[in-house]
Amino acid sequence: MKHEFVIQANNRRLLIIFAGWGMDANPFRHVSRPGYDTLVLWDYRDLSMDWSVASAYDEIALIAWSMGVYAASMSIHAIDHLITAKIAVNGTMSPVNNLLGIPEAIFEGTASTLNSRNLAKFFRRMCGDRPTTELFMQTAPQRTDIDELIDELRAIHPEPWFANPKVTRWDRAVIGRQDAIFPACNQQRAWSSVPTTVIDRPHYIDLQEIADAYIIDKQQAAERFDAGRSSYDDNAPVQKAIVDALIDDIKRLKADIDISAPGNVALEIGCGTGSLTRRLAPMMRNGFLHLWDTNSVPPEGFDDACFSSCDAELQICRTQARRFDIIATASTVQWFNSPARFIEECLRVLRPGGLLLMTAFLRGNMHELTAASGVTLAVPDLRQWTAMIPDGFETLSIETADYDMAFNNPVDVLRHLRLTGVNGLRRPGNNVSGPSFVKRYPRMLDGQCHLTYRTIRMILKKHDNG
């Protein structure tokens, strides 16, 4: 493979883009996320790669497009432990397959008749319409050797040149409904066990749109929660209600779980101002409490706890196995790049019989805000959350609940978001506070503006023989 850093600013996080067939770095030079360097890979005639260029980063997020999905799955083994989010875009791990990828006849037709004229036709099919094609051609790849492009296709089919096993864990697949290369129905079959998003796009999708939607701006989220720290407790009744409901679940399950066992070692992730900590700590007896949060200041009143300011999604991957008896987290995990990997890591670091107590948000959370701004946080639905639970966990409880808040006007909604710090939804190019937002915000017949929190609570127990 060939590679190029299109952004290299000594960031601690890295965004890797696996481009499609026939590409180079040119179409992707603009793709960025705050706090990330950007590395583009292409040319899949040879999948060998010196991953030392990426091994020093704290975290890697990966977006693979088209044939890059297959290339990534065959080549990222050496850095997979550093990767949180893996996003597949208009591609599958079975790139030439009548049911799961590009139909064989179409693939063979492209490979056997490829010339400069047909390559231009391919780009037009890939882009779907004339305006998209014209935009793409402004930064088109500069690979003009047709024999080289044919060799890249033949490396994949009919007999793949690559023998590595596939890396099969992906966090999300984005499918273009109008894809004329990888049929959308084939992609849906290929990703039946992975959270998918279907959008009205052709095969070519601006990957900046994907990065904005699915790679969390952790720095922005941390800054906004930190800014809302002093006003959070007085303005977050829903978050308090969620914690109360989780505590009620624990009490209801007292015959199956005992968080008060002497000597329990508990970890709370995203402790914030301590709303969950204050409820859990009295329930523990002679236990030891660890607190992790992006804030640099621990919650007040827990001097005996061990506090760490960290990115918990990364920190848990560095934690020794079987370290904790209890892991608790409330309204935090949806801010991670890969909640699925986080839950897997929780299973690893829990002792046999250990508990994961978790609340998060469901798809459709704050749907009123999405309707007014076009901006949303890509959170899973109920089926997708439950599909993330590894076999090593016993599910003791899964509950969902909606919480409705009423405001006099959209400005009050925005004030609530600012005072609680949960307004990390802004993305470049979106106006979530201007006149158009106020005009579009849904109103009830009485003129009030509502904000709906859609939540999930899970209590999982690691098998005793785990």
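One can find the structure itself at the top, above this paragraph.
Residues numbered from 1 in each chain as written. Predicted model: local features only at pLDDT ≥ 70, side-chain atom pairs only at ≥ 80, totals over all residues. Heavy atoms only, no water.

Student: Can you break down the packing of helix 3 (residues 116-127) against helix 4 (residues 130-137) residue by residue, with the values?
Tutor: The geometry of helix 3 relative to helix 4 is characterised by a closest axis approach of 8 Å and an angle of 120 degrees between their N-to-C directions. Comparing the axis directions of helix 3 and helix 4 gives the class oblique. Between helix 3 and helix 4 lies a crossing whose hand is right-handed. From helix 3, Phe-123, Arg-124, Met-126 and Cys-127 reach across to helix 4, where they touch Thr-132, Thr-133, Phe-136 and Met-137. (Axes fitted to C-alpha atoms, helices over the stretch in contact; angles between N-to-C directions. Helix = DSSP H or I, 4+ residues; strand = E, 2+ residues; numbered from the N terminus. Parallel < 35°, antiparallel > 145°, perpendicular 65-115°, else oblique. Left-handed = near helix turned anticlockwise from the far one by under 90°. Contact = heavy atoms within 4.5 Å.)

Student: Pulling in residues and values, what's your account of the sheet that holds strand 6 (residues 172-176)?
Tutor: Pairing in this open sheet of seven strands is mixed, and the strands run 1-3-2-4-5-6-7 from one edge to the other. In this open sheet, the two edge strands, each paired with only one partner strand, are strand 1 (2-7) and strand 7 (196-199). Direction aside, neighbouring strands of the sheet carry axes that sit 20 degrees apart on average. By the bridge criterion, four bridges tie strand 6 to strand 7 in an arrangement that is parallel. In the sheet register, Val-174 faces strand 7, and the bridge partner there is Thr-197. (Pairing = 2+ DSSP bridges.)

Student: Requested: an account of unusual backbone geometry, with residues and values cited.
Tutor: That bond from His-157 to Pro-158 is cis: its omega, 15 degrees, falls within 30 degrees of zero. Positionally, Pro-158 belongs in the loop between helix 5 (146-154) and strand 6. Positive phi outside glycine occurs at Asn-90, with the angle close to 50 degrees. You will see that Arg-322, though not glycine, has its phi angle at about 55 degrees, which is positive. With respect to the helices and strands, Arg-322 occurs in the loop between helix 12 (312-315) and strand 11 (324-330).

Student: Describe in detail the sheet that holds strand 8 (residues 265-269), supporting the description with residues and values.
Tutor: Pairing within the open sheet is mixed, and its seven strands lie in the order 10-9-8-11-12-14-13. Across the chains shown, the open sheet's two edge strands, defined by having one partner strand only, are strand 10 (306-309) and strand 13 (393-407). Going from strand to strand, the sheet's axes swing by 15 degrees on average, the running direction of each strand aside. Inspection of the sheet shows strand 8 paired to strand 11 by four bridges, in the parallel sense. Looking across to strand 11, one finds that Ile-269 is bridged to Thr-329. The sheet contacts of helix 13 (residues 339-349) involve strand 8, strand 11, strand 12 (350-361), strand 13 and strand 14 (449-462), and relative to strand 12 the element is tilted by about 155 degrees.

Student: So what about the packing of aromatic side chains? Which residues, and what values?
Tutor: The full count for this structure, using the stated rule, is 14 aromatic pairs. Between Phe-136 and Tyr-204, the aromatic rings sit 5.0 Å apart at their centres with planes inclined by 65 degrees, giving edge-to-face as the arrangement. Remark: Tyr-204 occurs in the loop between strand 7 and helix 7 (207-214) and Phe-136 occurs in helix 4; sequence separation between them is 68 residues. Of the residues examined, Phe-136 reaches a relative accessible area of 1% and is grouped as buried. On the numbers, 5.8 Å between centres and 40 degrees between planes, the contact of Phe-361 with Tyr-453 is tilted. Note that Phe-361 is positioned in strand 12 and Tyr-453 in strand 14, a separation of 92 residues in sequence. Of the two residues, Phe-361 and Tyr-453, both sit in the buried class. The rings of Trp-21, Phe-28, Trp-65, Phe-122, Phe-123, Phe-136 and Tyr-204 are connected pair by pair, giving a single aromatic cluster. (Phe/Tyr/Trp six-rings, centres within 6.5 Å; stacked < 30°, edge-to-face > 60°. Buried < 20%, exposed > 50% of the residue type's maximum accessible area, 1.4 Å probe, protein only.)

Student: Provide a residue-level description of the environment of Gly-270, including the pertinent values.
Tutor: For Gly-270, the position within the fold is in the loop between strand 8 and helix 11 (277-280). Spatially, the C-alpha atom of Gly-270 lies 5.8 Å from that of Trp-292, the residues being 22 residues apart in sequence. Residue contacts for Gly-270: discarding those within four places in its chain leaves Trp-292, Asp-293 and Thr-332.

Student: Summarise helix 13; cite the residues concerned and give the values.
Tutor: Among the eleven residues that make up helix 13, nine are buried, leaving the element largely enclosed by the rest of the structure. Where helix 13 is concerned, the buried positions are Pro-339, Ala-340, Arg-341, Phe-342, Ile-343, Glu-345, Cys-346, Leu-347 and Val-349.

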